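Here's the letter readout for the chains.
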Amino acid sequence: MMDDSVHYRTASSETQSLNLTLNGEPLTLQVAPNTVLLDVLREQLGLGGTKKGCDHGQCGACTVQIDGQAMNSCLRLAVMCEGQHVTTVEGLARDGELHPVQQSFLECDAFQCGYCTPGQMMSAAALLEDERIGTDDASVKEAMSGNICRCGAYKNILTAIQQARTQLAHDATAPRKESVA
């Protein structure tokens, strides 16, 4: 009988190079080919915002954006992100200012325990950029259906997303301030 544990240890100890852009910064890592993105983010890079929930792609706690699309990081091998842009909740804020989704979640009290909040925010930010998703409440609820909130803060989450939509629309139409050199 063959000892599979020896083969497994050998195979899992091999790594390969991974080049990606994480939260706007180019990054090269060494990862085992069978490691999921969620584990690389949390364990290798120390980014604790992305949460490990069900580990089966059913709860949305691990949602990140990959090239602007919301995806469950527990279902994606890290090596599949070669050359891609990965954004975590830590990368939503820019230049010290919260993303409108983050600000709205705070203002609308769109979290209770907070465990699902990073995944909710990442899905919300992606849906607000996706022109295929309607702006009505029913369309938003459908688009967010992959994110579970066990505390039941859905009403406030919906309110926060719609408030962020309004803010983003306002920001897009507001005249830009000129820099004085």
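Residues numbered from 1 in each chain as written. Predicted model: local features only at pLDDT ≥ 70, side-chain atom pairs only at ≥ 80, totals over all residues. Heavy atoms only, no water.

K.L.:
Explain the overall build of the chain residue by residue, including any values.
P.N.:
In terms of regular secondary structure, the chain is built from six helices and five strands. Tracing the chain from N to C terminus, the helices and strands come up as α-β-β-α-β-β-β-α-α-α-α. Projected onto its principal axes, the C-alpha positions of the chain cover 70 × 50 × 30 Å. Taken over 181 residues, the chain has a buried fraction of 40%. Sequence separation of 24 or more characterises 56% of the internal contacts of the chain that already satisfy a separation of 6 or more. For the chain, the computed accessible surface area is about 10600 Å², with 51% contributed by carbon and sulfur atoms. (Helix = DSSP H or I, 4+ residues; strand = E, 2+ residues; numbered from the N terminus. Buried < 20%, exposed > 50% of the residue type's maximum accessible area, 1.4 Å probe, protein only. Contact = heavy atoms within 4.5 Å. Areas by Shrake-Rupley, 256 points an atom, 1.4 Å probe, with all protein chains shown as cover.)

K.L.:
An account of the packing of helix H4 (residues 117-129) against helix H6 (residues 154-173) is needed here, citing residue identities and associated values.
P.N.:
The description of two helices packed together rests on the angle between their axes and the distance between the axes. With their axes 10 Å apart at the nearest point, H4 and H6 run at an angle of 40 degrees to one another. Taken together, the axis directions place H4 and H6 in an arrangement best described as oblique. Judged by the twist between their axes, the crossing of H4 over H6 is right-handed. Across from Gln120, Ala124, Leu127, Leu128 and Glu129 in H4, the residues of H6 making contact are Ile157, Ile161, Ala164, Arg165 and Leu168. Its residues assigned to classes, the contact of H4 with H6 shows seven nonpolar, one polar and two charged. (Axes fitted to C-alpha atoms, helices over the stretch in contact; angles between N-to-C directions. Parallel < 35°, antiparallel > 145°, perpendicular 65-115°, else oblique. Left-handed = near helix turned anticlockwise from the far one by under 90°. Nonpolar A, V, L, I, M, F, W, Y, C, P; charged D, E, K, R; others polar.)

K.L.:
Tell me about helix H2 (residues 37-44), and name the residues and values.
P.N.:
Every α-helix carries 3.6 residues per turn, so stepping three or four residues along brings you back to the same face. The set of residues buried in H2 consists of Leu37, Leu38, Asp39, Val40 and Leu41. Tucked into the core, H2 has its buried residues touching strand S1 (16-22), strand S2 (25-31), strand S3 (63-66) and strand S5 (85-87). Positive phi shows up at Gly46, right after H2, with a value of about 70 degrees.

K.L.:
Lay out the layout of surface pockets with the relevant residues and their values.
P.N.:
Its boundaries defined by the atoms lining it, the largest pocket holds a volume of some 480 Å³. Looking at the largest pocket, it is lined by 25 residues, and the ones nearest its centre are Gly68, Gln69, Ala70, Ala126 and Leu127. Contributions of two or more residues to the lining of the largest pocket are made by S3, strand S4 (69-72) and H4. A total of five residues in the lining of the largest pocket trace back to one element, the largest contributor, which is H4. Residue classes in the lining of the largest pocket are distributed as nine nonpolar, 13 polar and three charged. When its volume is computed, the second largest pocket comes out at roughly 360 Å³. Along the walls of the second largest pocket sit Leu92, Ala93, Arg94, Asp95, Glu97, Leu98, His99, Pro100, Gln103, Leu168 and Asp171, which together make up its complete lining. (1 Å grid on protein atoms, 1.4 Å probe; cavity = no way out; pocket = protein on both sides within 12 Å on 5 of 7 lines; lining within 4 Å. Points joined across faces, edges and corners; volume = space filled by probe spheres on them.)

Any functional reading would require information beyond the geometric quantities listed.
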